[in-house]
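Next come the chains, spelled out residue by residue.
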Amino acid sequence: HHHDQSASSGESWSSLCSTEHVGAGGGAEWVARCNVWGGRDNTWCNWYAAGFCKHADKCKKRKDPCAIGQRMLDMEEAWLSAGRIPPQQEPHTDLVQELVGLALDRGSDTQQRVVEAQSVEQQQYRYLVIIDIEGGANDRPGEDEIIELPCIVVDRQTRTEALRFHRFTRPVGWDLHLRDQPASRKNSLSNAVSFEQAVQELGMVLHEAGILEQSLCVTCGDWDLKTIVPKQCAKSRIQVPLVMQQWCNLKEEFNAFYGCKISGMKGMLSRLKMGHRGKHHLGMDDVSNITSIVLRMLKDGAAIGPTATRSADGGVAFRYKASEGAGKIG
């Protein structure tokens, strides 16, 4: 199963996942279990997990654990079973007030506008589908395609995680590219599926949970849904899913709400005095960190809404910057 709606917690990749359930309230045991996931050995390779890594033969010679296929499966299962983001240590209330820019003489007016905006978003988009795409950043065969689709859904009304989903995806270009590659670079245990199947599964999960129509995708930047998903959909010969044609660029909402100019995920975590967990550019870890930011913003009263919408002709209208015409997906 590649989605999880329980509050069960994972032990670590080596001991597989625990079926013991932990209450939503958390507690010391729950935080400790989550810290096992966040503080584990970070020698992972999502390329190898997806089925192929050009460095895998060298890693195997060095006996590097990143090229162990079963380890990749265990890692995914542990993340899916983790179920919830542990509570972060909260800064003092006066720091929150400072970040939001609520001076005492104008706080009530600003807070009223925030509450009004938040109410609209809550009614229309109760569920925030937090996504962090991996792969697709290079022009080489296969490296220009998506290899990982992790997702955590947050219920903004309860400020809790509703479910999580994960799939490693196999690039279309590998069908030709891998024919001449040595077996030592391939992962015979990979459970990766086509991108087409992955997005179909994600859509089905959201539909079966009864939340698809109330969902808004949230990403750390515009690249995921503005650029790489349309490119991947073209390679996979599918339409961009409707739920992915509108999204929230969390960085823009963060900067607007806290009155700052943060450029990335680690900057947002630092500004909120929250630690970074896991390995950057492993999608499961990145989406977990982004989710912790989202939960904190909701707690502080942020109205997280759409910042970009793709029109029928392919153009994208942005809330915080100039719109782009059809065909602009670079």
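Rules of the game
- The residue numbers shown here count from 1 along each chain, following its written sequence.
- Only residues with pLDDT of at least 70 get local features here, since the model is predicted, and only at 80 or more are side-chain atom pairs given and counted; chain-wide, interface and lining totals rely on the full set of residues.
- By convention in this description, side-chain values take in all heavy atoms of the structure and omit both hydrogens and water.
- Under the DSSP-based scheme used, a helix requires at least four consecutive residues in state H or I and a strand at least two consecutive residues in state E, with every element numbered from the N terminus.
- Summary of the burial criterion: residues with accessible area below 20% of their type's maximum are buried, those above 50% are exposed, and those between are partly exposed, where the area comes from a 1.4 Å probe applied to protein chains only.
- Residues are treated as being in contact if the distance between any of their heavy atoms lies within 4.5 Å.
- Accessible surface area values rest on a Shrake-Rupley calculation with a 1.4 Å probe, where residue burial reflects the displayed protein chains alone.
- Any two of the Phe, Tyr and Trp rings considered here, Trp counted by its six-membered ring, make a pair once their centres fall within 6.5 Å; the pair's planes then place it as stacked at under 30 degrees, edge-to-face at over 60, or tilted in between.
- DSSP-based pairing: two strands are paired if at least 2 bridges between them are found.
- Think of it like this: strands point away, you trace from the first strand over the helix to the second, and a clockwise trace means the crossover is right-handed.

**Q** Provide a residue-level description of the overall build of the protein chain, including the pertinent values.
**A** Within the protein chain, the secondary structure is distributed over 12 helices and 11 strands. For the protein chain, the proportion of its 330 residues judged to be buried stands at 52%. When contacts within the protein chain are restricted to residue pairs at least 6 apart in sequence, those whose partners lie at least 24 apart make up 70%. Looking at the protein chain as shown, the accessible area adds up to about 15,200 Å², and 50% of this sits on carbon and sulfur atoms.

**Q** I'd love a proper account of the packing of aromatic side chains, names of residues and values included.
**A** Note on aromatic pairs: each is described by the distance of the centres and the angle between the planes. Taken as a whole and assessed by the stated rule, the structure comprises 4 aromatic pairs. Pairing F254 with Y258 gives two aromatic rings, centres 4.6 Å apart and planes at 55°, and the pair type is tilted. Of this pair, F254 and Y258 both sit in helix α10 (residues 250-258), 4 residues apart, which is roughly one turn of the helix. Considered together, F254 and Y258 belong to a single accessibility category, that of buried residues. Taking 4.8 Å as the distance between ring centres and 75° as the angle between the ring planes, the aromatic pair formed by F257 and Y258 counts as edge-to-face. For the pair F257 and Y258, one class covers both residues: buried.

**Q** Just give me the short version of the pairing of strand β9 (residues 246-249), but keep the residues and values in it.
**A** Bridge count for strand β8 (residues 215-219) against β9 is 3 bridges, and the pairing is parallel. Bridging from a neighbouring strand, T219 pairs with N249 of β9. Where β9 and strand β10 (residues 308-310) come together, 2 bridges link them in antiparallel fashion. Bridging from a neighbouring strand, W247 pairs with A308 of β10.

**Q** Can you lay out the pairing of β8 for me, pointing to particular residues and giving the numbers?
**A** Among the 5 residues that make up β8, 5 are buried, leaving the element largely enclosed by the rest of the structure. Here β8 shows two buried faces, one formed by S215, C217 and T219 and the other by L216 and V218. Note that strand β4 (residues 127-131) and β8 share 4 bridges and pair parallel. Residue pairing across strands places V129 opposite C217, the latter belonging to β8. Note on the crossover from β8 through helix α9 (residues 223-236) to β9: the handedness is right-handed.

None of this, on its own, says anything about what the molecule does.
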